[in-house]
Amino acid sequence: MKSRLTFRGLIFFLFIGTLIPLLVVVGLLVYRLQQAYLLDVAQRYLINFVQAGVEQFSADSDLTLLAVSLSESFRVIGADLFVLNAAGNPVPPSLGTGPWLEIADHQAVQASRQSIMQMIGAGDSARLVYLTTIVDQNRDVLGTVEASLPMANINDQLNALRRWLLLIITLASGLSILLAVVLSGIITRPISSLVASVDLVRQGNLETRAPVSEVRELGQLAITYNQMLDRISLELQQRARLAENMRRFAANASHELRSPLSVFRSSVELLDKAFHQDDHRRLPEILAILRKEVDTMTGLVENLLLLARLDQSGESVDAILHPEVIDPVPLLEEVYERSRLLARGQEVELEWPKGEIGPIWADRDMLRRALNNLVENAVTYTPAGKKITLRLENRNGSIAFVIEDQGIGIPPDQLPKIFERFYRGDESRSRRVSGSGLGLAIVEAVVRAHDGEIQVESVPEQGTCFRLSFKQMDAPGQT
Ligand code: ADP
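What counts and what doesn't
- Every chain is numbered on its own, with residues counted from 1 as its sequence reads.
- In view of the model being predicted, local features appear only for residues whose pLDDT reaches at least 70, and side-chain atom pairs are presented and counted only at 80 or more, with totals across whole chains, interfaces and linings using the full set of residues.
- Hydrogens and water are ignored here; the side-chain numbers use all heavy atoms of the structure.
- The helix and strand labels rest on DSSP assignments: H or I over at least four residues marks a helix, E over at least two residues marks a strand, and numbering proceeds from the N terminus.
- Restricting the calculation to C-alpha atoms gives the radius of gyration, and the globule rule supplies 2.2 Å times the number of residues raised to the power 0.38.
- Relative accessibility decides the category of a residue: with a 1.4 Å probe and only protein chains considered, values under 20% of the type maximum give buried, values over 50% give exposed, and everything between is partly exposed.
- Values of accessible area rely on a 1.4 Å probe in the Shrake-Rupley scheme; residue burial ignores everything except the protein chains shown.
- Charge assignment in this entry is limited to Lys and Arg as positive and Asp and Glu as negative, and neither His nor the chain termini are counted.
- Where a charge lies is defined by one atom per residue type, namely NZ (Lys), CZ (Arg), CG (Asp) and CD (Glu).
- Only strands joined by at least two bridges in the DSSP assignment are considered to pair.
- Only the contacting stretch of a helix is used when fitting its axis, a line to C-alpha atoms as for every element, and angles between N-to-C directions run 0 to 180 degrees.
- In what follows, a contact means two residues having at least one pair of non-hydrogen atoms within 4.5 Å.
- Only residues whose relative accessible area exceeds 30% and that take part in no salt bridge are eligible for patches, with like-charged residues grouped when within 9 Å of each other and nonpolar side chains (Val, Leu, Ile, Met, Phe, Trp, Tyr) grouped when within 5 Å.
- Salt bridge, as applied in this entry: a Lys or Arg side-chain nitrogen positioned within 4 Å of an Asp or Glu carboxyl oxygen.
- Confidence scores here are pLDDT values: one per residue, from the predictor, ranging 0 to 100.
- For Phe, Tyr and Trp, rings pair up if their centres lie within 6.5 Å, where Trp contributes its six-membered ring, and each pair is then called stacked (planes under 30 degrees apart), edge-to-face (over 60) or tilted (otherwise).
- As used here, the term nonpolar core means buried Ala, Val, Leu, Ile, Met, Phe, Trp, Tyr and Cys residues forming a set that is joined through side-chain atoms within 4.5 Å.
- Identification of polar contacts relies on pairs of N or O atoms within 3.5 Å, with a donor-acceptor requirement for protein atoms, meaning one able to donate a hydrogen and the other able to accept it, and with residues adjacent in sequence counted only if both atoms are side-chain atoms.

### So, the overall build of the protein
(1) Moving on: Looking only at helices and strands, one finds 10 helices and 12 strands in the protein.
(2) Moving on: Taking 23 Å as the expected radius of gyration for a compact globule of 479 residues, we find that the protein reaches 55 Å, considerably beyond that expectation.
(3) Moving on: For the protein, buried positions account for 37% of its 479 residues.
(4) Moving on: Taken as a whole, the protein presents about 28400 Å² of accessible surface, with 57% of it coming from carbon and sulfur.
(5) Moving on: For the protein, the distance from the average position of its 48 positive side-chain charges to the average position of its 57 negative side-chain charges is 7 Å.

Structure follows, in structure tokens:
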């Protein structure tokens, strides 16, 4: 189900839903605090003035003096004031139109010798009334004082505060809505870009990458996502390359097999004809051709099988090959002896290594085969009279077999391709017409299966040097 609420909308409502109620609560709190404060000030005002007057006159029993003194003070602040004697009769002068409390309240206060603070009325006609007892030095009740303040003044202040708070809350709410729009945009932009990128990937575009946000977590998410895409693209590219290689390999292999097979077929037809015509003179020639083509095909199939075996990547050398401890010197001597037999006028040299040459852990047949392939190429591509050198090198704990010739060399643009399967250089440059183009591919596969390294340097018309390096064993029996 497709959700209607966007992430941006969610952030917006969360922001607004938190901020505006918070503003209202803060406004209410400020209002209530100010209200309590103003009431407290008014109460203290009444209490302090009345108590000061009463304490001053407590030595005197003439309430008129008290009434005069208090009414002078209270007139200034616009309060009402009434002094009543013990019998409940007003003692002039008084202020205002009260008393606001009942005579019964006055009598009750006299009886309890307590004070009361009371709010009477509501709205603008509300008054804060303070009623207290007047006692003389003997603690005899002389009367009561009732002082009251109209609340209109305080209400005016509170109304002004309310209006200000409303204005501030409205402005702050508007500002927070604006802020929520901007912030939700900033927060969700990287996510939107990520979603857009994911959408492109879904449509098959693996080139897309998410922009890296400044926000750390979102930035990290984008980096991880981009790295993941890099890996997937690389994997897919490798797979595509592998599939293409397989396709080319199959096409090349069938192409290579086609020509010996067609020669084979023509030879069989010739054989058939010779039999029917009872012409036995040509039989040895035809059989020789057949044998040669069978040898070619067998060699090709063997090479292909060998490559397939060496291609079992991920397997250890021990699983694919039959490695053993090999002393490189006698092995190279063996290859040297064979190369002297192959040579056609070239001068073949074996250079004895300087220093100690330790053993290596390798498949003897495979290594011999790789070295023979290199020597065969050297013989093929080196003119008579030029030199082919075989030598061993011991560098940084690795043993290198070096086959160097003074042949026609390899053009720089062909160098990266020579290890490709079925790759053959320009045959017009060499005397050789046949050659499957699998020789160096096998050399490369053998070296790779041994975790070794292969290097080639070549200068056209000057010569080529192949160097196969393998890790030297530290001690006998150790790989
Ligand atoms: P091929 O069967 O053609 O020899 P290889 O895989 O052995 O196949 O070699 C691939 C190509 O590399 C050759 O066709 C040739 O052009 C080039 N090559 C290999 N070795 C040498 C060399 N020693 N000198 C010059 N060119 C060489």
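Still more ground to cover, so stick around.
### Concerning the sheet that holds strand β11 (residues 453-459)
(1) Moving on: Spatially, β7-β9-β10-β12-β11 is the arrangement adopted by the 5 strands of the open sheet, whose pairing is mixed. Edge positions in the open sheet fall to β7 (347-351) and β11, since each of these has one partner strand only. Taking each pair of neighbouring strands and ignoring which way they run, the sheet shows an average axis angle of 15°.
(2) Moving on: Here strand β10 (residues 398-405) runs beside strand β12 (residues 463-471); their pairing, made up of 8 bridges, is antiparallel. Residue pairing in the sheet places Ile399 in a bridge with Phe470 of β12.
(3) Moving on: Packing against the sheet, helix α8 (residues 328-342) makes contact with β7, β9 (387-395) and β10, and its axis sits at approximately 175° to β9.
(4) Moving on: Relative to the sheet, helix α9 (residues 364-381) contacts β9, β10 and β12, its axis offset from that of β10 by approximately 25°.

### Remarks on a nonpolar patch on the surface
(1) Moving on: On the surface, Leu5, Phe7, Leu10, Phe13, Leu14, Ile177, Leu179, Val181, Val182, Leu183, Ile186 and Ile187 cluster together to form a nonpolar patch covering roughly 1000 Å² of accessible area.
(2) Moving on: Of all elements in the fold, only α1 (7-57) and α4 (152-202) reach the threshold of two or more residues within the nonpolar patch.
(3) Moving on: Of the residues forming the nonpolar patch, the biggest block, 7 residues, is contributed by α4.
(4) Moving on: Given the relative accessible area of 54%, Leu14 is considered exposed.

### What about the environment of Gly425?
(1) Moving on: Note on placement: Gly425 falls in the loop between β10 and α10 (439-449).
(2) Moving on: Taking relative accessible area as the criterion, Gly425 reaches 30% and is therefore assigned partly exposed.
(3) Moving on: When the C-alpha atoms of Gly425 and Val335 are compared, they prove to be 25 Å apart, with 90 residues separating the residues in sequence.

### Structural notes on the confidence of the model for the protein
(1) Moving on: Scored by pLDDT, the protein comes out at a mean of 88, with 95% of its residues at no less than 70.
(2) Moving on: Confidence drops under a pLDDT of 50 for residues 475-479, and excluding neighbours within four residues, the segment shows 4 contacts in the predicted structure.

### Details of the pattern of salt bridges
(1) Moving on: Going through the model one piece at a time under the given rule, you end up with 24 salt bridges.
(2) Moving on: We note a salt bridge from Glu324 to Arg364, for which the minimum N-O separation is 3.6 Å. You can see Glu324 sitting in strand β6 (residues 324-326) and its partner Arg364 sitting in helix α9, a full 40 residues away along the chain.
(3) Moving on: Take Glu324: its relative accessible area is 33%, and that puts it in the partly exposed class.
(4) Moving on: Overall, the relative accessible area of 24% leaves Arg364 in the partly exposed class.
(5) Moving on: Across the salt bridge formed by Glu404 and Arg391, the nearest N and O atoms sit 2.9 Å from each other. Remark: Arg391 occurs in strand β9 and Glu404 occurs in strand β10; sequence separation between them is 13 residues.
(6) Moving on: By relative accessible area, Glu404 is classed as partly exposed at 30%.
(7) Moving on: A residue is classified by how much of its surface remains accessible, and Arg391, at 16% relative accessible area, is buried.
(8) Moving on: Salt bridges sharing partners connect three or more residues here, namely Glu351, Arg391, Glu393, Arg395, Glu404, Glu457 and Arg467.

### Description of the packing of aromatic side chains
(1) Moving on: Summed over all chains, the structure comprises 6 aromatic pairs.
(2) Moving on: On the numbers, 4.9 Å between centres and 40° between planes, the contact of Tyr45 with Phe49 is tilted. Pair noted here: Tyr45 and Phe49 are both in helix α1, with a separation of 4 residues, about one helical turn.
(3) Moving on: For Phe49, a relative accessible area of 29% translates into the label partly exposed.
(4) Moving on: Among the aromatic residues, ring-to-ring pairing joins Tyr45, Phe49 and Phe74 into one connected group.

### Some points on the sheet that holds strand β1 (residues 80-85)
(1) Moving on: Reading across from one edge, β2-β1-β5-β4-β3 is the order of the 5 strands in this open sheet, with antiparallel pairing throughout. Two strands lie at the open edges of the sheet, namely β2 (90-95) and β3 (116-120), each paired on one side alone. Across the sheet, the axes of successive neighbouring strands diverge by a mean angle of 15°, strand direction being ignored.
(2) Moving on: Pairing between β1 and strand β5 (residues 141-150): 6 bridges, direction antiparallel. Bridge pairing in β5 places Leu81 opposite Ala147.
(3) Moving on: With respect to the sheet, helix α2 (residues 63-76) is in contact with β1, β2, β4 (127-135) and β5, its orientation differing from that of β2 by roughly 10°.

### Points about the nonpolar core
(1) Moving on: One finds Ile360, Leu371, Leu390, Phe401 and Leu468 to be the most contacted residues of the largest nonpolar core, which totals 51 residues.
(2) Moving on: Ignoring anything within four residues of it in the chain, the contact list for Leu468 reads Ala370, Leu371, Leu374, Ile399, Ala400, Phe401, Val443, Val447, Glu453 and Ile454.
(3) Moving on: Counting 29 residues, the second largest nonpolar core, distinct from the first, contains Ala67, Leu81, Ile154 and Leu165.

### Topic: the pairing of β1
(1) Moving on: Across the 6 residues that make up β1, a large majority, 5, are buried.
(2) Moving on: Judged from the 3 bridges that link them, β1 and β2 form a sheet pairing that is antiparallel. Within β2, the residue paired with Val83 across the bridge is Val91.
(3) Moving on: If you look at the hairpin formed by β1 and β2, you'll find 4 residues sitting between the two strands, and Gly88 has a positive phi there, around 95°.

### What to know about the side chain of His106
(1) Moving on: Position of His106 relative to the elements: it lies in helix α3 (residues 103-112).
(2) Moving on: The exposure class assigned to His106 is buried, which follows from its relative accessible area of 1%.
(3) Moving on: Of note is the side chain of His106, whose polar atom sits 3.1 Å from the side chain of Glu146.
(4) Moving on: Not counting the four nearest positions on each side in its chain, His106 is found in contact with Leu84, Pro99, Leu101, Leu131, Thr144 and Glu146.

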